[in-house]
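# Architecture at a glance
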Amino acid sequence: MQVGTLAIQHLFEKDVLYRVPLYQRPYVWKEAEQWQPLWEDLRRLSEDLLRGKQPRSHFLGASVQDPPSVPPGQIETRLLIDGQQRLTTLQLLLRAFEDVVKLEDASRYHQAIGKLIRNQHPLSTEDYEGFKIWPTNADREDYQMVMESADRAALLKAFGVRSDAKSVGRNIPDGYLFFHDTISEWLAENNGADKDEKIPSLYSAIRDNVRLVVIDLDEKDDAQLIFETLNTRGTPLLSADLVKNSLLSEIQENGGDAEKAYQKYWQAFDKDATFWRSEIGRGHARRARIEIFLQHALTLLTGEDVTAAHLYAAYRDFSLGPNAGLPEERIKAIKKYGEIYREIVEGHEEPRVKTFLDRLRIMDIGTAYPFLLKLFDVLGARVDLLTEVLSDLESFLVRRMVCRLSTRGYNRLFVDLIAEVKGAPDQISQRIRDSLLSRTAEFDRWPSDEEFKKAWVNNPLFENLTRPRLRLILEAMEAALRGDFAETKDVPKNLTVEHVMPQTWQANWPLLGEASEAVETLHRNELIHTIGNLSLLNEKLNPVQSNKAWVVEGDSGGKREALKDHSVLYLNRRLCEHDSWNEEKIIKRSGALFENAKKIWTAPIAAN
């Protein structure tokens, strides 16, 4: 058995056929779990190259290969005992890239990519030997169609679907379509101004910076047994386990007491496995909580955006760098930030801080956590100052959410904000505020009152926001209406969002008749999903309300009467003050609610 780390160029530029044995499962990789994460890594590598930064290689995993004997002079052949999903995906990616490049008329790169997906061995005896990969029986027809179709449109036609389809419902062609569309969209960003630079950078990222560990078997190795062992036995180590082992080994090598260091600084991570090892998140982002924490902690310690796929590599790079300090200092820092992270996850005794953390979780902005670890470390004992910063940050995030501004730049933004958590504690909140207010780009600016109001009043928030995020907004409105004299400021949780004027209004909500039916219908449908027409109800009352009219004869059985009888929310008490409900009332209520929103999520003024 021989082991080596090879770049894609060493795997695919030579004439070689990788055959998938019949006992292997078919191709099963999909968008959320594998394609999208791979593309995100490749995009990051490519953009690092565009900026002149030498990127860290992307480690795609291992490939176990068994070289069978072939007649002299025939094409080199390898059986893929393990790694067929990875290598097949790379071929689909390269095939899609080739077609996109062809559309861009970049002939040199079109030819270069072609070398990575086609063999041209002069003694080939079978047509399939022209491919780099020959899948198992179940996938061969689909794979051949992808690799031999003239372009994207021809492939879709071959599968009998529309030319604008994003999927045909089969994994291999769908993988090609995903990468084709994703690469095309990336090249088209900024009106395609830098696509001529992006093509070489992506080519280099794939060819030179994607690596696999290749394990070559020999005659003493049982290929079937190795396949079964790799795929059905054992539990892989977490990156956190590797970091722990590296730290303790280094402490021991430096003459320290590794056992004592473990008990003092790391044991809590292992002892409370229910908390730290439980898996959280969705889809491909679902990971053990300690891995998520470690990603945040390493981002803070390194000052770089550390990705989930490179946790241990990021730690090793940091540990060998000039700012690493002693291993005892590193393990102590990880323990400290672990305690802070747990406090953030489990809640905070200060109500305003707890509210912020709850809302941050609902907005699902995990990239803020490295900054929060630093902020809580420095200002944790000064709740007044901590609250100032978190209130500003919440305003920044909620305003951008309502205005539908991109979150793509948040990784870099929060890494940059870490540098502002320094100096005298009394100055930190203003430093962070000034930093946020100084940003003017689409991906990091703080929306003004004017922009916030325009989005608040006009955007169909019911359609634009997830239900948890929309409930966040409406719960904040309810809390604001309660004021200081209410018996409680606590707003019930898990209420459902209800339209005051229903989405299917035609039966019980006649148009005003002041303009044409088409004009009034369009206007109403635009307003129905805006904030002025939304409220909260408990899940039992919501279906009862359904499509009822606002009032009915005798004022019994209408929506208003049901709200009067059953709802204790201030939002709904205010609604019940109206004898009628129409477009004009929706617009006025949107404006009234905005006055509360503007006070909750203020836009502060920068220091002179």
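A few words now on the overall build of the chain. Scanning the chain for helices and strands turns up 28 helices and 10 strands. For the chain, the C-alpha atoms occupy an extent of roughly 95 × 70 × 45 Å along the three principal directions. Partitioning the contacts of the chain with sequence separation of at least 6, the portion at a separation of at least 24 is 71%. A gap of 3 Å separates the mean positions of the 81 positive and 94 negative side-chain charges of the chain.

Right, let's talk about the pairing of strand β3 (residues 58-66) for a bit. Summarising the sheet, β3 and strand β6 (residues 210-216) pair through 6 bridges and their orientation is parallel. Looking at β6, one finds that Ala62 is bridged to Val213. Pairing of β3 with strand β4 (residues 76-82), which is carried by 3 bridges, proceeds in the antiparallel orientation. Looking at the pairing, Gln65 lines up with Leu80 of β4.

So, on to the packing of aromatic side chains. Enumeration according to the criterion identifies 23 aromatic pairs in this entry. On the basis of an interplanar angle of 75 degrees and a centroid distance of 5.1 Å, the ring pair of Phe178 and Phe179 is categorised as edge-to-face. Just as Phe178 is buried, Phe179 falls in that class too. Aromatic rings pair up to connect Trp266, Phe269, Phe275, Trp276, Phe293, Tyr341 and Tyr369 into one cluster. Its end group placed over the ring of Phe275, Arg289 keeps NZ or CZ at 4.3 Å from the ring centre. Lying over the aromatic face of Tyr570, Arg573 brings its terminal NZ or CZ to 4.5 Å of the ring centre.

Here the focus is unusual backbone geometry. Of note in the backbone geometry, Asn191 takes a positive phi value of approximately 60 degrees without being a glycine. Among the structural elements, Asn191 can be located in the loop between α7 (171-188) and α8 (195-209). Asn191 gets classed as exposed once you look at its relative accessible area, which sits at 81%. The residue Arg404 is not glycine, and still its phi comes out positive at about 60 degrees.

Counting 95 residues, the largest nonpolar core has Trp266, Phe371, Leu372, Leu375, Trp456, Ile473 and Trp601 as the members making the most contacts within it. At 10 residues, helix α18 (residues 383-402) tops the list of elements feeding residues into this core. If we skip the residues at most four places from it in the chain, Phe371 touches Val389, Leu393, Phe414, Leu417, Ile418, Val421 and Ile432. Core analysis: the second largest hydrophobic core is formed by 58 residues, Trp29, Val146, Leu155 and Leu156 among them.

Below, the discussion takes up helix α13 (residues 289-302). Helix length check: α13 (14 residues) gives 20 Å between terminal C-alpha atoms against 20 Å at 1.5 Å per residue, within 8%. The buried fraction of α13 amounts to 12 of the 14 residues, a majority that puts the element mostly inside the structure. Turning to α13, its buried residues number three or more, namely Arg289, Ile290, Glu291, Ile292, Phe293, Leu294, Gln295, His296, Ala297, Leu298, Thr299 and Leu300. Positive backbone phi, at 75 degrees, marks Gly303, one or two positions downstream of α13.

Note that Leu177 resides in helix α7. What makes Leu177 buried here is its relative accessible area of 0%. If we ignore the near neighbours within four places in the chain, the residues touching Leu177 are Arg152, Leu156, Lys166, Ser167 and Val168.

Remark: α13 packs on helix α17 (residues 369-379), axes separated minimally by 8 Å, with the N-to-C direction vectors making an angle of 70 degrees. Looking at the two axes, α13 sits roughly perpendicular to α17. Relative to α17, α13 is oriented so that their crossing is right-handed. Here α13 contributes His296, Ala297, Thr299 and Leu300 to the contact with α17, which in turn contributes Tyr369, Pro370, Leu373 and Lys374. Grouping the constituent residues of the contact of α13 with α17 by class yields 5 nonpolar, 2 polar and 1 charged.

Once that is clear, we can look at the packing of helix α10 (residues 239-253) against helix α11 (residues 258-271). At a minimum axis distance of 10 Å, the contact between α10 and α11 shows a crossing angle of 165 degrees. When the axis of α10 is compared with that of α11, the two are roughly antiparallel. In terms of crossing hand, the pair formed by α10 and α11 is right-handed. Facing Ala240, Val243, Lys244, Leu247, Leu248, Ile251 and Gln252 of α10, the residues of α11 in contact are Ala258, Ala261, Tyr262, Trp266 and Asp270. The residue makeup of the contact of α10 with α11, split by class, is 9 nonpolar, 1 polar and 2 charged.

Below, the discussion takes up the pairing of strand β2 (residues 16-19). Where β2 meets β4, 4 bridges bridge the pair, whose relative direction is parallel. Note that in β4 the partner of Arg19 across the bridge is Leu79. Across 2 bridges, the pairing between β2 and strand β5 (residues 133-134) is parallel. Residue pairing for β5: Arg19 is matched across the bridge by Trp134.

This part takes up the layout of surface pockets. Here the second largest pocket is characterised by a volume of approximately 800 Å³. Along its surface, the second largest pocket is lined by 22 residues, and Thr355, Arg359, Glu475, Ala479 and Lys493 are the ones closest to its centre. Those elements that provide at least two residues to the lining of the second largest pocket are α16 (351-363), α23 (467-482) and α28 (583-600). Here the lining of the second largest pocket is composed, by residue class, of 9 nonpolar, 3 polar and 10 charged.

Assignment of secondary structure puts Glu250 in helix α10. Among the polar contacts made by the side chain of Glu250, one reaches the side chain of Arg330 at a distance of 3.0 Å. With residues up to four places along the chain from it excluded, the contact list for Glu250 reads Tyr315, Pro327 and Arg330.

A separate point is the pattern of salt bridges. Across all of its chains, the model carries 50 salt bridges by this definition. Between Lys354 and Asp358 there is a salt bridge, and its shortest N-O distance comes to 3.1 Å. Placement of the pair is Lys354 and Asp358 together in helix α16, with a separation of 4 residues, close to one helical turn. Looking at Lys354, the relative accessible area reads 37%, which means it is partly exposed. It is possible to trace a salt-bridge network through shared partners that takes in Arg43, Glu47, Glu189, Asp194, Lys198 and Arg408.

Rules and cut-offs
- Residues numbered from 1 in each chain as written.
- Predicted model: local features only at pLDDT ≥ 70, side-chain atom pairs only at ≥ 80, totals over all residues.
- Heavy atoms only, no water.
- Helix = DSSP H or I, 4+ residues; strand = E, 2+ residues; numbered from the N terminus.
- Contact = heavy atoms within 4.5 Å.
- Lys, Arg positive; Asp, Glu negative; His and termini not counted.
- Charge placed at Lys NZ, Arg CZ, Asp CG, Glu CD.
- Pairing = 2+ DSSP bridges.
- Phe/Tyr/Trp six-rings, centres within 6.5 Å; stacked < 30°, edge-to-face > 60°.
- Buried < 20%, exposed > 50% of the residue type's maximum accessible area, 1.4 Å probe, protein only.
- Lys NZ or Arg CZ within 6 Å of the ring centre and 35° of its normal.
- Core = buried A, V, L, I, M, F, W, Y, C linked by side-chain atoms within 4.5 Å.
- Expected span 1.5 Å × (residues − 1).
- Axes fitted to C-alpha atoms, helices over the stretch in contact; angles between N-to-C directions.
- Parallel < 35°, antiparallel > 145°, perpendicular 65-115°, else oblique.
- Left-handed = near helix turned anticlockwise from the far one by under 90°.
- Nonpolar A, V, L, I, M, F, W, Y, C, P; charged D, E, K, R; others polar.
- 1 Å grid on protein atoms, 1.4 Å probe; cavity = no way out; pocket = protein on both sides within 12 Å on 5 of 7 lines; lining within 4 Å.
- Points joined across faces, edges and corners; volume = space filled by probe spheres on them.
- Polar contact = N/O pair within 3.5 Å; in protein donor to acceptor, adjacent residues only side chain to side chain.
- Salt bridge = Lys/Arg side-chain N within 4 Å of Asp/Glu carboxyl O.

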